[in-house]
2 protein chains.
Amino acid sequence: MSRVYVAGVGLTQVGDRWESSLSDLAAEVGFKAIEAAGILPEGVVVGNMFSAHSSSQEHLGALVANALGLEGVPALKAEGACASGGVAVSVGYTMVKAGQLSSVLVVGVEKMRDLEPRGASLALAMAESAEYTQFVGATFVSLNALLARLYMEECGVSREDLAAFPVLAHQNALTAPHAQLKRPITVEEVAKAPMISDPLTLLDCSPIGDGAAAALLVGEERVAEARSPVVELAASTIATNRFSIYERDDMLEFTATRRATEKALETAGVGLKDIGLVEVHDAFSVVCALSLEAMGFSKRGMAPKEAAEGRFDRQEGEVPILAFGGLKARGHPTGATGVYQVAECYLQLTGRAGENQVEGVDTAMAHSVGGIDTTAVVHILRRCY
Amino acid sequence: MSRVYVAGVGLTQVGDRWESSLSDLAAEVGFKAIEAAGILPEGVVVGNMFSAHSSSQEHLGALVANALGLEGVPALKAEGACASGGVAVSVGYTMVKAGQLSSVLVVGVEKMRDLEPRGASLALAMAESAEYTQFVGATFVSLNALLARLYMEECGVSREDLAAFPVLAHQNALTAPHAQLKRPITVEEVAKAPMISDPLTLLDCSPIGDGAAAALLVGEERVAEARSPVVELAASTIATNRFSIYERDDMLEFTATRRATEKALETAGVGLKDIGLVEVHDAFSVVCALSLEAMGFSKRGMAPKEAAEGRFDRQEGEVPILAFGGLKARGHPTGATGVYQVAECYLQLTGRAGENQVEGVDTAMAHSVGGIDTTAVVHILRRCY
């Protein structure tokens, strides 16, 4: 069974990319990753959640392969709601692992701005059940707000405590070239921002944006050809939880994240203490907290306070998170996000993170989620030189 | 590297399934396949093209895993337009091949009837480029009609010649329990049916319908546990062509089908002469002809005449095709179709095809296409007892 490596990545700035189509964005980052690696991919996997809604477009696997001029190669799209990018990386990993292909380009791409005004809410709601949850008018934000309220009441967490995560994310994004939101915010600003769904304000929620990211995965037989340093993709795991939060025994326990993390650590042969960076799925501040707790980094109800105390800071923290701003400030172009995370871990592990570099990181973890912990994908990347 | 086997399948009748939701249909066939195999899947891959349009639903991987009560398992959706079912089988095959999972349930599901009246055309058009092809008003049928006209003119094929395929498909579907259209048709009826897009009439086109099919794939370490006979999934290959027909050097050459077929035959270590049954993607009569020619079964322009002469007949033919009616008469619930084909090959190779049995078949091929030969998936299944 081949080991799998990331041999090059491509990123573009998240934001309002009116001038670029889905295939423009995908080609831009795809070419960057191919150029960086100096290796032509034998196949393409695309992560995307709702191009059908935003762009009346499916069939993105072949569309992106064609935009890159990769004639004839196998190509497909993988989807797992907001975890689509992570799921796509996982499918690419499996193809290389199985020895089917020796190089696979994974591209995550999403155009959120092309949705009509109400469109983003309707599109994101497709992560939840149309029959049982969308039907009652619940939006994705409102479900996360219910969860935040429960978390606050059960764990004695305050509105201000939760704000530690967006504050940290915005701080880290200040110097990230590809980040969408580059301005510092304070706990007070988070608490006083326009209310989206009580208790979540605008600044608890990741923004709407267009974006794309790419990672070129190769098997060990191709490593010697790589033009850039490679990083081992040491584990790739997907797990699920019961579909909607109201079906779960304990809504505050993110079992998909827990399962995927445990399995990934086991596969990579490392422990939590070895993880020097976590790109955690901070779509909402409460999700960031519950994810860190499910992974085992914090005890229940403790993550927000630890964040406020600096435990997750990029420079001095014990477990740095969201090194380029995370979903909250780098941005969350849905189906692209999981690939951004893996590409960011690659930049960190090869010492190419510029002003955002986390010092001394050897092993990093990327965590991509669809729904509210309904699908969780965990990747572990490891420096190999 | 493990060999991969189909250990059980589940099918439901294609048609107007107003009473059943996406997850109802998926669960129905998923439980059938699990029950038949007597093995619980460790993961779920769902094939679907446009549940976002038909049902305002994404995240089908976790949704279907949840509907089946498979708590915690990895789950994802795979998409490749009308080849989504074939692509999903391929992803499941790769997971087992890589040794990640020892059993994977692949479910293809599509609700076409829930689309609003114009909806099916708009949804199917997402297989083509929104920027360059949908934009000019071309529907998917009209593009196939252009191709049919070119084929007729360049190869001296008549309107009546093309009708041989739907006539054959309808004949085979008469006794297929899960087929949508069970009535015989004649060449004259095909030619005189309402015109959809000249020269394609209603009876040249596969129908709109809801459906779902499932196949439980296992690695060799699980074969001994299987309650039903197993069939080897000896090859699974995906290839692409230039995205749209007008970008191709020769519109009548289906290079994705050719590439995927050649690679599949090589992987399985068999030749065309060993193939005793072909479930070919007969979405339109012209597509059936060009696919058989690209695979190498017929020379250019010859497939329709050979069909009329009986070469592809189920009982007396040299190369039986569409044993249960194919897309044209079993039905073509888009993202489910590729799984129907694999499940039908399983039924044939285990002698469970009832009145539709092809005698003496040891090796079968399933061919699933997205767009007009834009993505082609070929599976080779082999009897192993």
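What comes next is a walk through the structure. (Residues numbered from 1 in each chain as written. Chains lettered and ligands numbered in written order. Predicted model: local features only at pLDDT ≥ 70, side-chain atom pairs only at ≥ 80, totals over all residues. Heavy atoms only, no water.)

1. Considerations on the overall build of chain A
Okay, step 1: Of the regular secondary structure elements, chain A holds 14 helices and eleven strands.
Okay, step 2: Over its C-alpha atoms chain A spans a radius of gyration of 19 Å, differing by no more than 12% from the 21 Å that the globule rule assigns to 385 residues.
Okay, step 3: Over its C-alpha atoms, taken along the principal directions, chain A stretches across nearly 55 × 45 × 40 Å.
Okay, step 4: A buried classification covers 71% of the 385 residues belonging to chain A.
Okay, step 5: In chain A, of all internal contacts separated by at least 6 residues, the share reaching a separation of at least 24 is 77%.
Okay, step 6: A total accessible area of about 12,000 Å² is found for chain A, and carbon and sulfur atoms account for 51% of it.
Okay, step 7: Counting 31 positive and 47 negative side-chain charges, chain A places the averaged centre of each group 2 Å from the other. (Helix = DSSP H or I, 4+ residues; strand = E, 2+ residues; numbered from the N terminus. Rg over C-alpha atoms; globule rule 2.2 N^0.38 Å. Buried < 20%, exposed > 50% of the residue type's maximum accessible area, 1.4 Å probe, protein only. Contact = heavy atoms within 4.5 Å. Areas by Shrake-Rupley, 256 points an atom, 1.4 Å probe, with all protein chains shown as cover. Lys, Arg positive; Asp, Glu negative; His and termini not counted. Charge placed at Lys NZ, Arg CZ, Asp CG, Glu CD.)

2. Overview of the relation of the copies chain A and chain B
Two copies of a chain can be linked by a rotation about an axis combined with a shift along that same axis.
Okay, step 1: Placing chain A over chain B gives an RMSD of 0.0 Å and needs a rotation angle of 180°, together with 0.0 Å of translation along the axis. Both copies of the chain, as the preceding transformation shows, are related through a two-fold rotation axis. Within chain A, the C-alpha atom positioned nearest to the axis of rotation is that of Ala98(A), 1.9 Å from it.
Okay, step 2: In this assembly the copies share their binding face: 100% of the residues contributing to the interface of chain A also contribute to that of chain B. (Least-squares fit on C-alpha atoms with pLDDT ≥ 70 in both.)

3. Observations regarding the interface of chain A and chain B
Okay, step 1: With 56 residues of chain A at the interface, the matching set in chain B holds 56 residues.
Okay, step 2: Interface area, chain A with chain B, both sides summed: about 4,300 Å², of which 52% is carbon and sulfur.
Okay, step 3: As a salt-bridge pair, Arg242(A) and Glu71(B) come within 2.9 Å of each other at their nearest N and O atoms.
Okay, step 4: Where chain A packs against chain B, one counts 34 residue pairs in polar contact (both at pLDDT 80 or more).
Okay, step 5: Put simply, the parts of the chain that give the side of chain A that touches chain B at least two residues each are α2 (51-55), α3 (60-67), β3 (75-79), α4 (84-97) and β8 (231-240) of chain A.
Okay, step 6: Class assignment for the residues of the side of chain A that touches chain B results in 24 nonpolar, 22 polar and ten charged.
Okay, step 7: Where β3(A) and strand β3 (residues 75-79) of chain B come together, three bridges link them in antiparallel fashion. Bridge pairing in β3(B) links Glu79(A) to Lys77(B). (Buried area = accessible area lost by both parts, 1.4 Å probe. Salt bridge = Lys/Arg side-chain N within 4 Å of Asp/Glu carboxyl O. Polar contact = N/O pair within 3.5 Å; in protein donor to acceptor, adjacent residues only side chain to side chain. Nonpolar A, V, L, I, M, F, W, Y, C, P; charged D, E, K, R; others polar. Pairing = 2+ DSSP bridges.)

4. Some words on the pairing of strand β4 (residues 103-110) of chain A
Residue and element names in this part refer to chain A.
Okay, step 1: The element β4 is extensively covered by neighbouring structure, given that eight of its eight residues are classed as buried.
Okay, step 2: The side-chain alternation of β4 yields two buried faces, one formed by Ser103, Leu105, Val107 and Val109 and the other by Val104, Val106, Gly108 and Glu110.
Okay, step 3: Bridging between strand β2 (residues 43-47) and β4 involves five bridges; their strand directions are parallel. Paired with Val46 across the two strands is Val107, which belongs to β4.
Okay, step 4: Direction of pairing for β4 relative to strand β7 (residues 211-219): antiparallel, over a ladder of eight bridges.

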